[in-house]
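# A closer look at the structure
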Amino acid sequence: MRCRRTKAGRRVITLICARTRQGRYVEALELLRDAQRHGHPPGRYVLPSLLRACGGLSDLNSGEKLHGFAVRSSFVSDAFVGCALIDMYCRCGCIDSARKVFDFMPKRDAAVWNSMVSGYVRLGFAGDSMRIFRNMILGGVEADSSTWNSLIFGFSSAGDVRMALYLSRTMGVYGVEPDVFSWTSLISGFVRSFHNREAFETFRQMTATSGVRPSSVTISSLLPACASVADGKCGMILHGYAVVIGVHSELFVSSSLVDMYAKCGFISDAVNVFAEMTRKSTVSWNSMIFGYANNGYCGDAINLYHQMENDGVKPDHLTLTAVLTACSHAGMVGLGRALFHSMQKEYGIQPRLEHYACMVDLLGRAGHLVEAYNLIKEIPMEADLFVWGALLGACRNHGNVELAKLAASHLVKLETEKCGSYLMMSNILADAGRQQVQIEAVMTESSFYRSPPVESVQELVRRDPTRIPDEYVRDDDDHDEQGDAVQPHHFSSLQLPVVDLSLLSGGHPDEAHKLDMACREWGFFQVVNHGVDEELLLKTKDVTDKFFELPFEEKLKHSLDTERFMEGYGRSYAGPKDQKRDWGDMLMLMVYPEKFRSSKYWPSSPPEFMEVIEAFSAEVNRVAREILAALSLLMGMNRDGLLELHKEVVQVLRANYYPPCCKPHQVVGISPHSDACTITLLLQDDQTTGLQIQHAGKWAPVQPIPNALVANVGDVLEIWSNGRYKSIEHRAMPNSARARISLASFVCLNSDAEIEPLEAAVGGAGHTKMYGKIKYGDYVKRVWETIQSGKTKFMQRVKLQSEYSQVIDHVKE
Ligand SMILES: O=C(O)CCC(=O)C(=O)O
Ligand SMILES: [Fe+2]
């Protein structure tokens, strides 16, 4: 403060600096306000601390006021103040303001350049950080290890493996040897961009050859990689390593260990680590409570929450989300209610939309539908899709058509604004239902199956990798939607379930429970230990790769035509001319029954294509049957129940090829859709993340687990289960670095088989069948009609509702 020469002034400066160092930013700013009230404006030495507090709180308003003050008092030309201003603006997400401060600084030392470099990195602009770096070098300022480490982190977290590794090798040439921070930057960046293999490999090199010892930060950065691929064994090895180097009991490491073990399903290991922790943060408690809740130990989650309270640890909003989720799953309505009502009073936690959604889910599951609806009416902000979705789901389960209508009307409104909707689909469907007669007529006139001329995105990229024709560029709405993808750190408590097929086939009840939960809550899961030979998986990817790498003319020999149902080679789903196109090519093949195969669509090159795809498809078929058997048991049938309903298993293979795109955020690899089949098994690239699924109202990336198959519930299973199992919307996104290949095997049924909710799933008299009866062949036709008609922005799922369509009809009136 200006009065720093007085004793009181010095004390305030010391206090503010201390509070900021401890991360107690609110108190630091309160001290400032207090001092200002007493007529003491901030001085030059305390300004950087105050700006850091503003940045830490993302309090742009206070930061700007301090900036104004710094300009008026000329402190702004001070290098420390300048760095702090740049940092504050970047933490508040205002890169342009940070850049202005930087541009106007009269003298820039290495620290100022570093602030700008790390500011760009923080906001994900690796390319800009490189430009600043270049100017720094050209300006004769020497880069230090902090500059290099920021750049390395920028490129590794952007997923640019080559550049990140190049930088880490080059820094030595400039006289700056990589230190533990450089290695950790590489590793944590790779983990953030889902390049887990590269992260592990870098860790291996670090420990084997670099002579640099990993720190607790290195270990805790790498542990989430084990969690994300559910590789508990690898996590255990890292745990052992942490013990050897003596960092296992540091707070960050042990919290990450709890999180890793819980996400890998090793709940007792998580409990052991948690019990041994001498110091626990709210993050550690949250990890354990989420761990219990997500693994089905809801009672333990709730007990632990009480223990947390008894230990005097203050819960945060995530703790409440975790414990309310546990209450909901355990059906503990009273406790959930009490917690919800006390969270604000006792802990000062303002309920957020996710807490309301948990409460609606909790009340709805227990059948308190009116109370759930009344709660929604009390929400002080606009209820989101998740809240209304929870109510609609509950209404469906309890057969309350009136409230379902209401929930649906809100969802339709929200979805109309947002697009990519669950209910809009139904809306369209209801439409399709009414117009069935006209549709049949249109189909007979055969405009329906008319395929577009074959084009190829791969060719487009081959010709000019920098060009994206307008018809592929998504408009602003789509951009918003993509920007909405869940980031890995938001995803901490949400892991795609992993089902071990060998345990499932062996009748392991926990595994069946996991499968049931996965189909209900996610609609997606990863299948491991499926017994498909690793070499066969490699070969399958290899022949697919080779096919797409053939000259265009070669591939055209197998192109889709108008005679058959979208079979053959061509570009991805084709809607009408004015509809945006997907950034991908595909090859669609009928695999089973063999009589459906048409040799003209099957590539003759590479020569082993058919043999490999046949072997692969047979294995997929086996895996699918195992899963169907387990689901049959879960749905109260004998093992063959679902299989018999197929009348005949029809297996369709769709090989997708998504070329790299210079501006991947402007395009979509495959538009949001659900699969019109029973279940889908997807073999995806182990290295490249591209698949995203709708979860909790956001797009969640599915991180590849090497050699796993991704399984998802299709529309037919949703119908059979009367909505208990969810056919979830998903999409695929390309990236700028490399092409991605995926092979989706759709398990379908005979087109004459009739589909409708199974009696056992409806739950007897008085319960509502949420879908009407239809022949599968007609159902598929409707799906395609909907896409081809371009009535929807994206390909939409076609659902056939009985009561549900009444709901929509009502809403539309
Ligand atoms: O490429 C992917 O990851 C998704 C493919 C897909 O959803 C499909 O082919 O239906
Ligand atoms: Fe799909």
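Positions within a chain are numbered from 1, following the residues in the order the chain's sequence is written. Each chain is given a letter, starting from A, and each ligand a number, starting from 1, according to the order in which they appear as written. Confidence filtering applies because this is a predicted model: local features only for residues at pLDDT of at least 70, side-chain atom pairs given and counted only at 80 or more, and all residues used for totals across whole chains, interfaces and linings. With hydrogens and water stripped out, all remaining heavy atoms of the structure feed into the side-chain values.

### Describing the sheet that holds strand β8 (residues 691-695)
Sheet strands pair via backbone hydrogen bonds, and the direction of the pair is either parallel or antiparallel. Counted only if it meets this: Think of it this way: DSSP has to see at least two bridges between two strands before they count as a pair. Counting from the N terminus, the helices are DSSP H or I runs at least four residues long and the strands are E runs at least two residues long. For every element, the axis is a line fit to its C-alpha atoms; helices are fit only across the contacting stretch, and the angle between N-to-C directions ranges from 0 to 180 degrees.
Spatially, 4 strands are ordered β6-β11-β8-β9 in an open sheet, and the strand pairing comes out antiparallel. The sheet is open, and its two borders are formed by β6 (670-673) and β9 (698-701), each paired with just one other strand. The mean angle between the axes of side-by-side strands here comes to 25°, regardless of whether they run parallel or antiparallel. Relative to strand β11 (residues 730-732), β8 runs antiparallel, the two being bridged by 3 bridges. Within β11, the position partnered with I693 by the bridge is H730.

### Side note on the pairing of β8
This is how the line gets drawn: Remark: exposure states derive from per-residue accessible area (1.4 Å probe, protein chains only) relative to the maximum for the residue type, with buried under 20%, exposed over 50%, and partly exposed in between.
Counting buried residues along β8, 4 of its 5 residues qualify, which places the element largely inside the surrounding structure. When β8 meets β9, the two strands line up antiparallel, connected through 4 bridges. Considered in β9, the bridge of I693 is made with A700. Turn length for the β8-β9 hairpin, with the two strands adjacent in sequence and antiparallel, is 2 residues, and the turn residue A696 shows positive phi of about 55°.

### Things to note about the site of ligand 1
Worth spelling out the cut-off: It suffices for a single heavy atom of a residue to lie within 4 Å of a molecule or strand for the residue to be listed as near it. Side-chain atoms alone can form a polar contact between residues adjacent in sequence; in general such a contact is a pair of N or O atoms within 3.5 Å, and within protein one must be able to donate a hydrogen while the other accepts it. Working definition of accessibility: Shrake-Rupley area with a 1.4 Å probe, residue cover restricted to the visible protein chains. Put simply, the grid is 1 Å and covers the protein atoms alone, a cavity is a trapped set of points that fit a 1.4 Å probe, a pocket is an open set with protein on both sides within 12 Å along at least five of seven lines, and lining residues have an atom within 4 Å of a point. Each molecule is checked against the cavity or pocket grid, and it sits inside if more than half of its atoms lie within 2 Å of the grid points. For this scheme, ten residues count as nonpolar: Ala, Val, Leu, Ile, Met, Phe, Trp, Tyr, Cys and Pro. Four count as charged, namely Asp, Glu, Lys and Arg, and the remainder, Gly too, count as polar.
In the vicinity of ligand 1 there are 14 residues, among which Y658, H673, H730, R740 and S742 approach most closely. For ligand 1, an oxygen atom lies 2.6 Å from a polar atom in the side chain of Y658. R740 is positioned with one of its side-chain polar atoms (N or O) 2.8 Å from an oxygen atom of ligand 1. Contact with the protein chains covers 98% of the free accessible surface of ligand 1, which is 290 Å². Judged by the proximity of its atoms to the pocket grid, ligand 1 belongs to the largest cavity. Of all the elements in the fold, those that place two or more residues in the shell around ligand 1 are β5 (650-658), β6, β11 and β12 (740-748). For the shell around ligand 1, the element with the highest residue contribution is β12, accounting for 4 residues. Considered class by class, the residues forming the shell around ligand 1 number 7 nonpolar, 4 polar and 3 charged.

### With respect to the packing of helix α31 (residues 534-549) against helix α33 (residues 609-634)
Applicable threshold: In what follows, roughly perpendicular refers to angles from 65 to 115 degrees, roughly parallel to angles under 35, roughly antiparallel to angles over 145, and oblique to any angle outside these ranges. Crossings are classed by handedness, with left-handed meaning an anticlockwise turn of the near helix from the far one by less than a right angle and right-handed meaning a clockwise turn. For this analysis, residues touch if any pair of their heavy atoms sits within 4.5 Å.
Relative orientation of the contacting elements α31 and α33 amounts to 135°, with a least axis distance of 9 Å. On the basis of their axis angle, the class for α31 and α33 is oblique. You can see that α31 and α33 cross each other, and the crossing is left-handed. Here L536, L537, K539, T540, V543, T544 and F547 of α31 lie close against α33, whose contacting residues are F609, V612, I613, A615, F616 and E619. Its residues assigned to classes, the contact of α31 with α33 comprises 9 nonpolar, 2 polar and 2 charged.

### Looking at the packing of aromatic side chains
Threshold: Here a pair means two rings of Phe, Tyr or Trp (six-membered ring of Trp) with centres within 6.5 Å. Their orientation is stacked below 30 degrees between planes, edge-to-face above 60, and tilted elsewhere.
Summed over all chains, the structure comprises 19 aromatic pairs. Seen from their ring centres, F133 and W148 are 5.1 Å apart, and the 70° between their planes marks the pair as edge-to-face. Highlighted residues: F133 in helix α8 (residues 126-138) and W148 in helix α9 (residues 145-157), separated in sequence by 15 residues. No difference in accessibility class separates F133 from W148, as the two residues are buried.

### Things to note about the confidence of the model for the protein
Note the cut-off: Confidence of the predictor at the level of single residues is captured by pLDDT, which takes values from 0 to 100.
Looking at the protein, pLDDT values average 83 and 86% of them are 70 or higher. This model gives residues 791-813 a pLDDT under 50, and the stretch forms 94 contacts once residues within four places in sequence are excluded. Across the interfaces of the predicted complex, the ipTM metric reaches 0.99, alongside a pTM of 0.54.

### As for the pattern of salt bridges
The cut-off we apply is this: Only one rule defines a salt bridge in this text: a Lys or Arg side-chain nitrogen within 4 Å of an Asp or Glu carboxyl oxygen.
What the rule picks out here adds up to 29 salt bridges. Salt-bridge contacts for K405 lead to E402; the nearest nitrogen and oxygen are separated by 3.3 Å. In this pair, K405 and E402 are both assigned in helix α24 (residues 401-418), 3 residues apart and thus about one turn of the helix distant. Note that D516 and R520 form a salt bridge whose closest N and O atoms lie 3.1 Å from each other. Of this pair, D516 and R520 both sit in helix α30 (residues 509-522), 4 residues apart, which is roughly one turn of the helix. Taken together, the shared-partner salt bridges in this structure form one network comprising D361, R365, D516, R520, E521 and R724.

### A short note on the UniProt feature "repeat: PPR" (unreviewed entry) in the protein
Let me state the cut-off plainly: UniProt positions are given in the numbering used here, feature names are shortened, and annotations may be inferred rather than shown by experiment.
In the UniProt entry, the feature "repeat: PPR" (unreviewed entry) is given for residues 78-108, 109-143, 144-178, 179-214 and 281-315. This span, residues 109-143, is 74% helix and 0% strand, and a straight line between its end C-alpha atoms measures 10 Å. Each end of residues 179-214 is marked by a C-alpha atom, and these two atoms are 10 Å apart; helix forms 78% of the span and strand 0%.

### Focus on unusual backbone geometry
The residue after Y592, namely P593, is reached through a cis peptide bond having omega -5°. In this structure, P593 sits in the loop between β4 (585-592) and α33. Cis geometry is found at the peptide bond from S605 to P606, where omega equals -5°. As for its position among the elements, P606 is in the loop between β4 and α33. At S58, a residue that is not glycine, the phi angle is positive and equals roughly 50°. Here N529, not a glycine, exhibits a phi torsion of approximately 50°, which is positive. On the secondary structure map, N529 appears in the loop between β2 (524-528) and α31. For N529, a relative accessible area of 48% puts it in the partly exposed group.

### Considerations on the sheet that holds β5
In space, the 8 strands of this open sheet follow the order β1-β2-β10-β7-β12-β5-β4-β3, with mixed pairing throughout. The open sheet has two edge strands with one neighbour each: β1 (498-500) and β3 (568-571). Between one strand axis and the next, the sheet turns through 25° on average, direction left out of account. The pairing of β4 with β5 spans 7 bridges and is classified as antiparallel.

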